[in-house]
Amino acid sequence: MKKTKLPRTVEEFMAYAWVMEVEASDRYAELADLMATHHNREVSELFAKLARIEGKHRDQIAAQMGWTRAPDAAVFRWETPEGPETTDFGDLHYLMQPWHALKLAEHNERRAVEFFERFAAARVPADVRAAALEMAGEEREHVRLIGEWLAKVPPPEPGWDEDMDPPAVAD
Amino acid sequence: MNEIACNAAPAPAMRGPNDYKSDVKPVWCPGCGDFGVVNALAKAMAKMALEPKDVAVVSGIGCSSRIPAYMASYGFHGVHGRALAAGAGLKVARPDLTVIVTGGDGDGYSIGGNHFLHACRRNVDMTYIVMDNRVYGMTKGQPSPTTEPDWDSKLSPDGTGLREFQPLVIALTSGANFIARGFTGDPNGLAEIIERAVRHPGFSFVEVLSPCVTFRPEQKEWKKVVKADALKPTADMTRAARRLLRDTGFELGVLYAGERPPYAPRGPRARRPPSELEARFAL
Amino acid sequence: MQHSQDPGAGQSARSVSVVLAGSGGAGVMTAGNMLLEAAAHAGYCALMTRSSGPQIRGGEAAALLRIACEPIECMEDRFLVLAAVDWENVQRFNAEIPLGRSSLIVADPDQGEPPDVFLQSGAARASLPLKKIAKSVPEGRANMVLLGALAALLGLPDDAVARAVERTLGKRPAALSPSLAAVAAGRAAAAEFAARFPLAPPPVTRGPRWLLTGNEAAGYGAIKGGVRFVAAYPITPATELLEWMAPALAQVGGTLLQAEDELASINMAIGGSYGGVPSLTATSGPGLSLMVEALGLAVAAEIPLVVVDVMRVGPSTGIPTKSEQGDLNIAVHGLHGDAPHLVLAPNSVADCLGTTQWAVQLAEALQAPAIVLSDQFLGQARAVVDRPAELAAGPRRVTAAAGAPGYKRYAVTPDGVSPMAIPGTSGLAYTADGLEHAERGTPSSQASDHFAQLDKRRRKLTAHEYGPLWADVEGNPASDCAIVTFGSCTGPVREGLALAAADGIAARLISLRLLAPLPATRLLAALEGVKRVLVVEQNHTAQLYKYLRAECDLPGRVSSLHRPGALQFSPGEIRRHLAEWSRE
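Here's the deal with the overall build of chain A
Part 1 of the reasoning: The secondary structure content of chain A amounts to 4 helices and 0 strands.
Part 2 of the reasoning: Walking chain A from its N terminus toward its C terminus, one meets helices and strands in the order α-α-α-α.
Part 3 of the reasoning: Overall, chain A is about 60 × 40 × 30 Å in size when its C-alpha atoms are taken along their principal axes.
Part 4 of the reasoning: Per-residue burial over chain A gives 44% buried out of 171 residues.
Part 5 of the reasoning: Of all intrachain contacts in chain A linking residues separated by at least 6 positions in sequence, the fraction that spans at least 24 positions is 79%.

Focus on helix H1 (residues 10–37) of chain A
Part 1 of the reasoning: Between its first and last C-alpha atoms H1(A) spans 41 Å; for 28 residues at 1.5 Å apiece the expected length is 40 Å, and the two agree.
Part 2 of the reasoning: Backbone geometry just after H1(A) places A:His39 at a positive phi near 60°.

A few points about the interface of chain C and chain A
Part 1 of the reasoning: Contacts between the two partners involve 22 residues from chain C, matched on the other side by 15 residues from chain A.
Part 2 of the reasoning: Looking at which element gives the most residues to the side of chain C that touches chain A, the answer is helix H1 (residues 28–41) of chain C, with 3 residues.
Part 3 of the reasoning: Class assignment for the residues of the side of chain C that touches chain A results in 6 nonpolar, 12 polar and 4 charged.

Comments concerning the sheet that holds strand E20 (residues 557–562) of chain C
Residues and elements named next belong to chain C.
Part 1 of the reasoning: One open sheet holds the 5 strands; their spatial order is E15-E17-E16-E19-E20, and the pairing between them is mixed. Whereas interior strands pair on both sides, the edge strands pair on one side only; in this sheet they are strand E15 (471–475) and E20. Sheet twist, expressed as the mean angle between neighbouring strand axes with direction ignored, is 20°.
Part 2 of the reasoning: In the sheet, E15 pairs with strand E17 (residues 508–512) via 5 bridges, with the strands oriented antiparallel. If you follow Gly475 over to E17, its bridge partner there is Arg508.
Part 3 of the reasoning: In this fold helix H17 (residues 543–551) packs onto strand E16 (481–486), strand E19 (532–537) and E20, with an angle of close to 135° to the strand it touches most, E19.

Focus on the interface of chain A and chain B
How big an interface is tends to be stated in terms of accessible area lost as the parts join.
Part 1 of the reasoning: Every contact between the two is made by 31 residues of chain A and, on the other side, 31 residues of chain B.
Part 2 of the reasoning: When contributions to the side of chain A that touches chain B are tallied by element, the ones reaching two or more residues are H1 and helix H2 (41–65) of chain A.
Part 3 of the reasoning: Looking at the side of chain A that touches chain B element by element, the count peaks at 7 residues for H1(A).
Part 4 of the reasoning: Class assignment of the residues belonging to the side of chain A that touches chain B gives a composition of 17 nonpolar, 7 polar and 7 charged.

Rules of the game
- Residues numbered from 1 in each chain as written.
- Chains lettered and ligands numbered in written order.
- Predicted model: local features only at pLDDT ≥ 70, side-chain atom pairs only at ≥ 80, totals over all residues.
- Helix = DSSP H or I, 4+ residues; strand = E, 2+ residues; numbered from the N terminus.
- Buried ≥ 20, exposed ≤ 12 C-beta atoms within 10 Å, placed from the backbone.
- Contact = placed C-beta atoms within 7 Å.
- Expected span 1.5 Å × (residues − 1).
- Nonpolar A, V, L, I, M, F, W, Y, C, P; charged D, E, K, R; others polar.
- Pairing = 2+ DSSP bridges.
- Axes fitted to C-alpha atoms, helices over the stretch in contact; angles between N-to-C directions.

This is a description of form; function is not addressed.
Below, the structure written as structure tokens:
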């Protein structure tokens, strides 16, 4: 497993956080497209909304850091296959309900919390630790917000993944 | 077009992975592993700063063979099983292009099997990415050469009873110069493997485990079974062969990075005017 | 056959066509299949085709059905009902779903407006809150509600619908009662539309009927003809034929072998047949292109073989899910050299059985390859048909009995058929060869042997007595007009001609079943006295028209009505064309 290089400065650390949001947002946008192609409008719109939200987080970080160009984040790599907030393509189902999508989002936010808490607990300079704790706190708030959203969304009905029709052939 | 624009704009000359994707939306099922390949391929191309206009993605027939339309590079969606032949022809006629051949296990190892063997022998400098889901997806679920012997299907009830095709073994013994295995659930690892494959001279073969959510939903378990970085590259064929004897089919990484010179036409070459050939006929 | 093109509300019709559309797991195909089966149980004949988007799951889909009192072989000019669970990209099917003023669009008001392209037809509209009704039934589904509503619209009896639902969901009893409840809810909700398009009662006496696709019929026909070995490589739209045959062959003592590609499958079938076992493979255009070399081998070595080509739109990869009659050229002319062989074409779903069986019989008797030109429409349409008539058992492969030395595998006999030695028979060992050969079978480069063998191979086909199956000859024998066609064009032409009777137009109809060798003498006899011939076919370059004109001197003025896939001709189109043609 590749080890994530520990950030030595707040600048480096916030670059990780920024990339995380970029990847999360881009992934949600891709998922919105692919669910739309499969006529799952509700979930497509939900993913599009999540893409916008993550996009805002991304922009907030850039604004906070006063960046005018993308930070060079090529130096590190995730320990997990993809970023902590990035949804795995394999977790989708063409008939998935908004509840499923929000559960995935909640999972993403929780992993983000853990990611930042690990940095805070690691051997990093004090200002990086402070930044990590702050980010962890923000992600916890995101978890809470998704939780509220989830509460408003009906749980999936039994048989949500039943399609009476067999797969179609296109070639 | 992704309307989520990044306010912190990238440096002018640099392209991001999204610049390597076309605006055609894939029709693959949600959950399909092939999405990961598009992203990994785009990421690899961006990392290498390739010009999309100088890249050609060549494919055959099948779900994964739809990839050319989803990339911003030039694409060739040919007939079933012949992508390697088309790709070889393109690369030999136009050695300046980066040729990437893509397809599935059915297209590549069944009808394309003969061409696979000879592409490894011929060692033309191109990269072959096979998205292996161990099934014929596009025609609704028949066994492919890499399907397990007891997998039940309508065309082969109770399974084929046949030993699975071993793509890495065939590639090694036939002379492929670079052999690797990736997994769509590890797109960053796959992007690195693809980059190394494209950079490596000669015929580079990347077998990619790519789960089929519709016809092989049990392949969701693959992410628990794969071992990243389990293969370490060697230039020694014997070592690579011994390594393959222990292969479970789920170890990821680069198995072999050889030193065979890539295919090049032999003998002296020139650029004389055609009329000089008349000397052969003139009495 | 009578048709009500514009029935008044409540007036019963002998034929009604409906479409179910929807996307993303709505289950419209399943509901369509149940409606088809319900019609079958209620005593009707029916035909169903399907269209879908490029997605493998969750895409937009449409089930197109025609239900009638009499057997039917094609779709009508207009659909009376377009019922949609939702409108996601359904307009992509608009060319296949012609509507008119007497049509009804049934839709869920919560799913938005139907696309303009359907509204422009002037069809009436009816609202049915399918999703709400489905929710009111525990585990109810919108497609089942729709099924109930359509059953009400058409006047299909409850028990027929229930039987269809039970048969489909029998393996999942938990789904059964919610589905029946949803169907009942749909019926109740559509009460105000009840019997809006009632079907006339079906004939009281009717022989046994079957429910099957053309691909299944062909598979069964092959087995009836004696096929016991199949080599298979999947390709749309032939895969189901092969998948149907896998367990069927096992049941009758045969075997199916999955090949790595079409080059393998055709050569495997040839190998099996060389061994004495009637063999078959099935494919579509791209696969047939790969097989032509081996077909030449079967011609030269005189090995019986049947290849079913379920034609799809070409050229090249084309449109795999749509029908076209574009492979006539390659079927007849695709082999290099002079390589006469058999080409046949079934002309309806039911006829796929008899024609494939006949193809096997002919291939075996004449020791030659036979290409059966089916197509995607016939192959994949699900039809309720009168049980197909039995084909008489035909002559079998002439085999050589163990005997005196000096056996000549390719002896030049009067009828051109030389007894074939089956491996395992003592004293008759020979080597089958694609190389030209002498009578003994040994390779020969002598012009005289080449001529003798070419002549033998052609003569055995042209001298054969094919009997009445060579074509369906119908219509008014006194008419001086004739229509010649083949395959799935036959259905719309038959019906179009029947409609044209009302316009005072009569013609003979010849639907060719034997395309190669072309039975020119019989064709000309059937056209005796004809002054005008119309050749109808579904391809871009009038392949049949050119073939017929090349092979024989058709009488009078010959015209062509040809159009490529991916749309079938409709009876009304044929009728209109016949009216114009008769005025020329």
